[in-house]
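# Report on the structure
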Amino acid sequence: QVQLVESGGGLVQPGGSLRLSCKIATEVAEVFTMGWYRQAPGKAREMVALSSSGGATNYGDSVAGRFTISRDNAKNTVSLQMDTLTPADTAVYYCYLNARQYILLAARDYWGQGTQVTVSS
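The rules behind each value
- Each chain carries its own residue numbering, running from 1 in the direction its sequence is written.
- With pLDDT at 70 or above as the cut-off, local features in this predicted model cover only qualifying residues; side-chain atom pairs require 80 or more to be listed or tallied, and sums for whole chains, interfaces and linings still use all residues.
- Note that water and hydrogens are dropped before the side-chain values are worked out from all heavy atoms of the structure.
- By convention, a stacked pair of Phe, Tyr or Trp rings (six-membered ring in the case of Trp) has centres within 6.5 Å and planes under 30 degrees apart, an edge-to-face pair has planes over 60 apart, and any other such pair is tilted.
- Strands here mean DSSP runs of E at least two residues long; helices mean DSSP runs of H or I at least four residues long; both are numbered from the N terminus.
- When accessible area is computed with a 1.4 Å probe and restricted to protein chains, residues below 20% of their type maximum are described as buried, those above 50% as exposed, and intermediate ones as partly exposed.
- Each salt bridge in this description consists of a side-chain nitrogen of Lys or Arg and a carboxyl oxygen of Asp or Glu lying within 4 Å of one another.

## Observations concerning the packing of aromatic side chains
In the structure shown here, the tally under the stated rule is three aromatic pairs. Judged by centre distance (5.0 Å) and plane angle (70 degrees), the rings of tyrosine 37 and tryptophan 111 are edge-to-face. Of this pair, tyrosine 37 sits in strand 4 (residues 30–39) while tryptophan 111 sits in strand 10 (residues 108–111), and the two are 74 residues apart along the sequence. The class for tyrosine 37 is buried, based on a relative accessible area of 18%.

## Structural notes on the pattern of salt bridges
What the rule picks out here adds up to four salt bridges. Taking the shortest distance from any N to any O, the salt bridge between glutamate 30 and arginine 100 comes out at 3.4 Å. One end of the pair, glutamate 30, is in strand 4; the other, arginine 100, is in strand 9 (residues 91–100), and 70 residues separate them in sequence. Classification of glutamate 30 by relative accessible area gives partly exposed; the value is 32%. With a shortest N-O distance of 2.6 Å, glutamate 46 and arginine 38 are connected by a salt bridge. Given a relative accessible area of 33%, glutamate 46 falls into the partly exposed group. Through salt bridges with shared partners, a single ionic network connects Arg38, Glu46, Arg66 and Asp89.

Here it is, written out as structure tokens:
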């Protein structure tokens, strides 16, 4: 099983910034998409930002222009810089990975355990 280790969540005031990081802690054969999803209480999980192996990025409508995803392929890490945070950004943020763990296996999705981000005064 591929393990993802997240860090960087916490409490921040509205208008503030946070940076989330995620590292692939298990050796994998091939990494495709990495990114972040979030889930607020009572709501469905939604895509926040994704980064493809080719360098393309995709952002959810509610975070575009405020959040920036970055990826270090050599270190197998993905980060999310979150600026101008609002209470609506409060959620558990999950690191997402689509990868092939072994070369003969099909690619599949993996999820981190989640890190809480709370935006409140």
